[in-house]
Amino acid sequence: MTSTEKLTAELRGRAAALGFDSFGIAAADARPDLPDKLRQALDAGWHGDMDWMAETAQRRGSPRAMWPDARSVILLGVNYGPETDPLALLGEKSHGAISVYARNRDYHEIIKGKLKELAGLLARRSSAEVKVFVDTAPLMEKPLAEAAGLGWQGKHTVLVSREFGSWLFLGAILTSAELPVDKPHKVSCGSCTKCLDICPTAAFPAPYQLDSRRCLAYLTVEHKGPIPKEFRGPMGNRIYGCDDCLAVCPWNKFASASRELKLRGRPELERLTLAELVQLDDVGFRELFAGSPVKRIGLGRFLRNVLIAIGNSQNHALVPLVEQRLRDESALVRGAAVWALRRLAPERAAQLRLAFSAVESDEAVQAEWTEELA
Ligand code: SF4
């Protein structure tokens, strides 16, 4: 065994001890196809208003464009497969469905410390330079994870693993060390199209391509303005993210058998009622979602989502709570409240329209009172 092979074996063992479920290594220049793919997606505008994607495109195309000394990238995965079927909650219209990844502590925080520890070991043993990434940096982890043999990018563009299905958090260590690389994983979707077929908003223009502007995971989390009307009905009760394409993947069935359950969601975030959520104030919101990625979108965007879900709930008992939000200081929240009221109780909305329109200063909210619902 060469010294580099010994080092790699030690890193692999340490990664497992730290709780990583998957480990693989790719050359930093393993995916020369990425700059073109990225450019095509940006030219098509699929990134929506995530301007940072266009701004960092040159660096994102290749690890070596970001850091010329990079030679290898170590990819690590942590399994977060849910205990129960996340699609079951979509039928409970008076509850809010929060995406599985957000029911835990923020995974950036969980993984970053472990990655740093592993990177520290590599730096000490090899004197190579190291940099650590968890989803926040301009590094395209999914195609690199495919190159490192962790799985393949499925037709829904998310990484699919033979062991863990679609439920892997990814992290990466970029290094100037030349490490022995793993074999890339071959794409194993076959003729399956389940993830494309289930998407409630037809966000996949073609297999392996995602138009974020139509994706509920993007619209409910990244998008800052009002939810475009055509997507409000399809949102159903999804108030943070969307798991449909992940949850339906047949490869998930192997996940529950093999996983060691390193990351569990907080059960109390699985069954929150829309009635309690729409009454949250800023302090209550921060307390409830302390440590969860949900907190990052802020109360205004969160209430926007909750009110859309209420508008889809057919639960008339929620009307008085919606009316309280018609006076919210945030125009984003007021606009969503108007839509929810008009969907749930059109006659009551017609009674209130004149009085509220007379004092409404925001044009978009004015339009919510009068325009077609969808
Ligand atoms: Fe591939 Fe089917 Fe899984 Fe989609 S649902 S990623 S097509 S195996």
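Check the entry above for the structure.
Attention in this report is confined to the structure presented alongside it. Quick caveat, the model's predicted, so the values are computed rather than measured.

**Observations regarding the nonpolar core**
- If you look at the biggest cluster of nonpolar residues, it comprises 91 residues, and the most contacted ones within it are Phe289 and Phe302.
- Look past the residues within four positions of Phe302 in its chain and what remains in contact with it is Ile239, Leu277, Leu280, Phe285, Phe289, Val294 and Ile297.
- Membership of the second largest hydrophobic core comes to 19 residues, among which are Ala28, Ala70, Leu75 and Leu174.

**Comments concerning the packing of aromatic side chains**
- Enumeration over the complete set of coordinates arrives at eight aromatic pairs.
- Summarising the aromatic geometry, the rings of Trp152 and Trp251 are spaced 5.2 Å apart at their centres and angled 80° between planes, so their arrangement reads as edge-to-face. Note that Trp152 is positioned in strand E5 (residues 152-153) and Trp251 in the loop between helix H11 (244-247) and helix H12 (253-258), a separation of 99 residues in sequence.
- Taking relative accessible area as the criterion, Trp152 reaches 0% and is therefore assigned buried.
- Between the aromatic rings of Phe356 and Trp369, the centroid separation amounts to 5.8 Å while the plane-to-plane angle is 25°, which identifies the pairing as stacked. Pair noted here: Phe356 is in helix H18 (residues 346-359) and Trp369 is in helix H19 (residues 363-370), with a separation of 13 residues, a long-range link. Trp369 carries the same exposure label as Phe356, and that label is buried.
- Cation over ring: Lys131 sits above Trp67, and NZ or CZ is 4.7 Å from the ring centre.

**Thoughts on the sheet that holds strand E1 (residues 22-27)**
- Taking strand neighbours across the sheet as the criterion, the four strands line up as E1-E2-E7-E4 in an open arrangement whose pairing is antiparallel. Taken across any chain shown, the strands that pair with only one partner, and hence form the sheet edges, are E1 and strand E4 (130-133). Neighbouring strand axes in the sheet, compared pairwise and without regard to direction, differ in orientation by 20° on average.
- As paired strands, E4 and strand E7 (residues 168-175) are joined by four bridges and run antiparallel to one another. Bridging across to E7, Phe133 finds its partner in Ala172.
- Of the strands in this sheet, E1 and strand E2 (72-79) touch helix H1 (residues 3-18), which is tilted by about 145° from E1.
- Strand contacts of helix H6 (residues 107-126): E1, E2, E4 and E7, with the helix running at about 30° to E7, the strand carrying the most contacts.

Conventions used here
- Residues numbered from 1 in each chain as written.
- Predicted model: local features only at pLDDT ≥ 70, side-chain atom pairs only at ≥ 80, totals over all residues.
- Heavy atoms only, no water.
- Core = buried A, V, L, I, M, F, W, Y, C linked by side-chain atoms within 4.5 Å.
- Buried < 20%, exposed > 50% of the residue type's maximum accessible area, 1.4 Å probe, protein only.
- Contact = heavy atoms within 4.5 Å.
- Phe/Tyr/Trp six-rings, centres within 6.5 Å; stacked < 30°, edge-to-face > 60°.
- Helix = DSSP H or I, 4+ residues; strand = E, 2+ residues; numbered from the N terminus.
- Lys NZ or Arg CZ within 6 Å of the ring centre and 35° of its normal.
- Pairing = 2+ DSSP bridges.
- Axes fitted to C-alpha atoms, helices over the stretch in contact; angles between N-to-C directions.

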